[in-house]
Structures are given as structure tokens and as C-alpha cells.
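# Reading the structure
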Amino acid sequence: MEVKITETILRDAHQSLLSTRMKTEDMIEVLDDLDQVGYHSMEMWGGATFDSCLRYLDEDPWVRLRKINLRAKNTKLQMLLRGQNILGYRHYPDDVLEKFVEKSIDNGIDIVRIFDALNDVNNMKKAIEFTKKYNGHAQGTIVYTTSPIHDIDHYVETAQKLEKLGSDSLCLKDMAGLLTPYRSYELIKRLKEETDLPIQLHSHNTSGMAAMTYLKAVEAGVDVIDTALSALASGTSQPSTESMVASLEGTEYDTGIDLGQVVAISGHFREVKKKYKEFQGSFATDPRVITNQIPGGMLSNLRSQLKAQGMFDKYDEVLEEVPRVRKDLGYPPLVTPTSQITGTQAVFNVIKGERYELVSRETKDYVKGMYGSPPGEINPELKEKLLGDEKPIKGRPADHLEPQFEKTLEKIKDMVTKEEDVLSYILFPDVAEKFLKKHYM
């Protein structure tokens, strides 16, 4: 069975190792070559790229998508969508989500990888529905983590729910590199046996296990793996494309990709990354993630928060506090936005010297149910302290939100030239306003 490859160099690889700073011009230069490789897809949009284009690169993310789409004539384009959070850090109403999905597909996205930080399928169902409505491929995604409640049955059950919602394929997203080789074999085997969908595996090499994990997943029947060209592979990024192609060459799992071709393209990105030296992260592995479960991006956020407070000496204490806060919150996977919520609260607990004396608005919203249903039970004492007599909300958080698109369009109509601009503004009002006034007024 040929194993297919999704190339992440245009999104997750530079998000993981260059702080999402790669400019579109550095991608376009080599896009014709990438398009000829024979990838299953190129992941090139979503995640933090949208925010980063507007905030740091003075680029319109919609223009990036269109430029890449013009040149990708043979390869499907893929994006990462945070379910009801879209690409932001809170839930958005359904009218905004629908318009965003419609415009993403209109502008060139073929595959929408849809995840929710809590694996709450209620927060994914509308994104799946809208993706299919506009003829995109909806990839239902399970976020992988470890805890007393995250066993294989939990993941299989989540996968079956996503299949029932109409997902076209499933992705197992291992954002912190916690999935071990033999566990991946067992989990992929179960997913293949108990669902009828193609399975894709996405992992980061933070712990140093990802390539081994991929190999065992391949043996278990995984259909697609995510890799990054070696110029921006390993460390907190994905395993190297060239290494995986070479490992499977000549076997029943042969990817069909020409090794020489991808080696040559990687040379382009070796030159490109020199321009972004000041943003470069570590290519090294750090197996401590296996026990502290803190992904690389979250670690850098914690460091900067503590430096800003002049309390970097408390860093180790914060690392110890993170798992305690996570347990209190019902073991959420540490991925955007729950990683930020958990990390910030751990910083507050350590800085104040008393746990939950100072509570972020996001922590209170989380406990109130504004992000969905946590995987486990929230500490009852914490719930009582934060909510008092207030009742947590029931059901899907977005059901409590008023439509926003038309209202926003009316408010900023003098500032925008297309519907996509309204979406940029809704997601990131401050940075988008600055960008739109500079470029389109």
C-alpha cells in the first residue's frame, strides 16, 4: 500500500521553527517544483499563518492563498482550522464560520483540517458541515494527548463521532510529539478497524520519537503522513520528507516520490532560512515534553510572560504548576487556545504565590463552558470558587452567540474592498484595521 505525504514546509514547518515568519515570495519561487513532486497535499494556510501575515509580514493572507493556488495546478492545498475558533482564540458565530469556510474554498483551499482543542465534536460539526456544503474535503481531527482519561477507546469513540458527522478523512494530530511508536501502531490499527475513513498522522519531533512513530503507523496501515523538507524539519517541526521517502523506498509502502527531487527543493529553503535567522527556533529534540507535555510554542510563551514580569527565576516553578492546572481543568490537550489558558493561569498562580487568587478571564470562561465540554471533570472546588451560583452553559458555546458578519460589514464598509477583509477584521480587529487602512483606503 503506497503511503502518501502531506508537505508542511509552507505552514507548520516555518510556524514551528521560524515563528511563522516566512514571506510568500520565498514560497512562490519554488512552487512550480513543489507542485511536481506528487504530494498528497501541501499544507500552506491556517494555523498561525493568517495572524502572522497581517501582524508581522504586512501581507494579506487571502492574497497569499490566491498566489499559491494559481501555481498549484496538480497538488491539493490544505489548511488548519480551529473549528469554531476559526483561526482566532475564541468561538465565533456560525455565520462568520460559514463565510470563512466558503471564502477559503473559493480562494483555493481543497482540504480543511478541522480540530477542537478539547476534542469536543460539537465544536467541529458546523465546520465539517460548511466545508462539505462548499465542496471542500472535511478532515475531522483528533488532538492527541496523554492523561488518565485519554485512552485508545476515547480516541476511537471520538473518531467514530467525526465519521458520523460526515468527515471525509480523519487526522490524528500529535502537536507535542507525545505519541510513542508502539502506541501509534495500536491506535492506528484500531482506527482502521473501527472506522471506514482514510487516516492521516501529524506529529512533531519535539520528543525525538516522531519518525519511529510514523514507521509503526505505516505498518499499521496509515494512509498519509505529514512531513517537512529537511531544511525546516525535526525539533518542534515534523520529521524530514527526504528521510521518510528514503525509509519507505523500495518497500510495499513506497511513496512514489523522487528523492533527488525533494533534496533539490530543500536546498532552496536552506538558503531561505538564513534570512530568518533571528526567528529561528531549536532543531534539537527535548524529551522532557514526554513528562511535562508542554509543546515548544507554549514554552516560549511562558518564557516571554515571565521575562515581561521580571520573574524568569520562577520558570521551573511554572513548569511544575502547568500539569496541576491542567488536572484542575479536566485534562485539556495543550494546544491553541487551551495551552495559552493553562499556561497563563499557571504563571498567575506562581507569581501571586496563592493558587487562583488571580484568575484570567479565559480561565473563567473555560470553567463556565464557553470553550466547550472538557475531556474530564473540572475540580469542583475551582468551579465553585470561579462561578459561585452562576451555572455553566450547556451545549455548544456558539449557540449562545449572535450573528456578526453583516453587522461588522456595515460598521467597517468604508474600510473594506471585499468580504474577505471583513473576515480578517472580525478575527484580528486591531491588526486588520491597521493593515486595511494602509493598503485599501
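These figures come from a predicted structure and were not determined experimentally. (Residues numbered from 1 in each chain as written. Predicted model: local features only at pLDDT ≥ 70, side-chain atom pairs only at ≥ 80, totals over all residues. Heavy atoms only, no water.)

Our focus in this paragraph is helix α6 (residues 94-106). Along its 13 residues, α6 runs 18 Å from first to last C-alpha, staying within 8% of the 18 Å computed at 1.5 Å per residue. Of all 13 residues making up α6, 10 are buried, and the element is well covered by its neighbours. Of the residues one or two after α6, Gly108 is the one with positive phi, at around 135 degrees. (Helix = DSSP H or I, 4+ residues; strand = E, 2+ residues; numbered from the N terminus. Expected span 1.5 Å × (residues − 1). Buried < 20%, exposed > 50% of the residue type's maximum accessible area, 1.4 Å probe, protein only.)

All right, on to unusual backbone geometry then. Residue Pro337 is reached from Thr336 by a cis peptide bond, and omega for that bond is 0 degrees. With respect to the helices and strands, the residue Pro337 is situated in the loop between α15 (315-328) and α16 (338-352). Not every positive phi belongs to a glycine, and Ile86 is a case in point at roughly 55 degrees. For Ile86, the position within the fold is in the loop between β3 (76-81) and α6. Even without glycine at this site, Tyr356 takes up a positive phi of about 60 degrees. Looking at the element boundaries, Tyr356 is found in the loop between α16 and α17 (361-368). Overall, Tyr356 belongs to the buried group, its relative accessible area being 6%.

Read around the closed barrel, the 8 strands follow the order β1-β2-β3-β4-β5-β6-β7-β8; overall the barrel is parallel. Taking each pair of neighbouring strands and ignoring which way they run, the sheet shows an average axis angle of 30 degrees. When strand β7 (residues 199-203) meets strand β8 (residues 224-227), the two strands line up parallel, connected through 2 bridges. Each bridged residue has a counterpart across the sheet, and for Leu201 the counterpart in β8 is Ile225. With respect to the sheet, helix α5 (residues 61-71) is in contact with β2 (41-46) and β3, its orientation differing from that of β2 by roughly 165 degrees. On top of the sheet, helix α10 (residues 210-220) reaches β7 and β8; it is set at about 170 degrees to β7, its chief contact. (Pairing = 2+ DSSP bridges. Axes fitted to C-alpha atoms, helices over the stretch in contact; angles between N-to-C directions. Contact = heavy atoms within 4.5 Å.)

On to the packing of α6 against helix α20 (residues 419-427), then. Relative orientation of the contacting elements α6 and α20 amounts to 130 degrees, with a least axis distance of 10 Å. Looking at the two axes, α6 sits oblique to α20. Judged by the twist between their axes, the crossing of α6 over α20 is left-handed. Across from Val96, Lys99, Phe100 and Lys103 in α6, the residues of α20 making contact are Glu419, Glu420, Leu423, Ile426 and Leu427. By residue class, the composition of the contact of α6 with α20 is 5 nonpolar, no polar and 4 charged. (Parallel < 35°, antiparallel > 145°, perpendicular 65-115°, else oblique. Left-handed = near helix turned anticlockwise from the far one by under 90°. Nonpolar A, V, L, I, M, F, W, Y, C, P; charged D, E, K, R; others polar.)

Once that is clear, we can look at the nonpolar core. Leu34, Leu81, Phe100 and Phe269 are the most contacted members of the largest nonpolar core, which totals 98 residues. If you look at the next biggest cluster of nonpolar residues, it comprises 26 residues, including Met311, Ile341, Val350 and Ile378. (Core = buried A, V, L, I, M, F, W, Y, C linked by side-chain atoms within 4.5 Å.)

Running from amino to carboxyl end, α15 crosses α16 at an angle of 120 degrees, the nearest separation of the two axes being 8 Å. Taken together, the axes of α15 and α16 are oblique relative to one another. Handedness of the α15/α16 crossing: right-handed. Contacts between α15 and α16 involve Glu317, Val318, Glu321, Val322, Val325 and Arg326 on the former and, on the latter, Thr342, Gln345, Ala346, Val347, Asn349 and Val350. Of the residues belonging to the contact of α15 with α16, the class tally is 6 nonpolar, 3 polar and 3 charged.

Taken as a whole and judged by the stated rule, the model has 36 salt bridges. One salt bridge connects Glu321 with Arg355, and the closest N-O pair in it is separated by 2.8 Å. One end of the pair, Glu321, is in helix α15; the other, Arg355, is in the loop between α16 and α17, and 34 residues separate them in sequence. With a relative accessible area of 35%, Arg355 lands in the partly exposed category. Each member of the salt-bridge network shares a partner with another, and the members are Lys99, Glu102, Lys103, Asp106 and Glu419. (Salt bridge = Lys/Arg side-chain N within 4 Å of Asp/Glu carboxyl O.)

One pair of aromatic rings is described through two measures. These are the centre distance and the angle between the planes. Under the counting rule described, the total for this entry stands at 10 aromatic pairs. Considering the side-chain rings of Tyr366 and Tyr371, the 6.5 Å spacing of their centres and the 35 degrees angle between planes classify their relative orientation as tilted. Put simply, the rings of Trp45, Phe50, Trp62, Phe100 and Phe428 pair up and form one aromatic cluster. Here Lys99 stacks its cationic end above the ring of Phe405, 5.4 Å away from the centre of that ring. Above the plane of the ring of Phe115 lies Lys173, whose end atom (NZ or CZ) is 5.2 Å from the centre. (Phe/Tyr/Trp six-rings, centres within 6.5 Å; stacked < 30°, edge-to-face > 60°. Lys NZ or Arg CZ within 6 Å of the ring centre and 35° of its normal.)

Turning our eyes to something else, we now look at the pairing of β2. When you tally the buried positions in β2, you get 6 out of 6 residues, the bulk of the element. In terms of strand pairing, strand β1 (residues 4-7) meets β2 through 2 bridges, oriented parallel. Bridging across to β2, Glu7 finds its partner in Met42. Relative to β3, β2 is paired through 5 bridges, and the arrangement is parallel. Within β3, the residue paired with Ser41 across the bridge is Lys76.

This is a description of form; function is not addressed.
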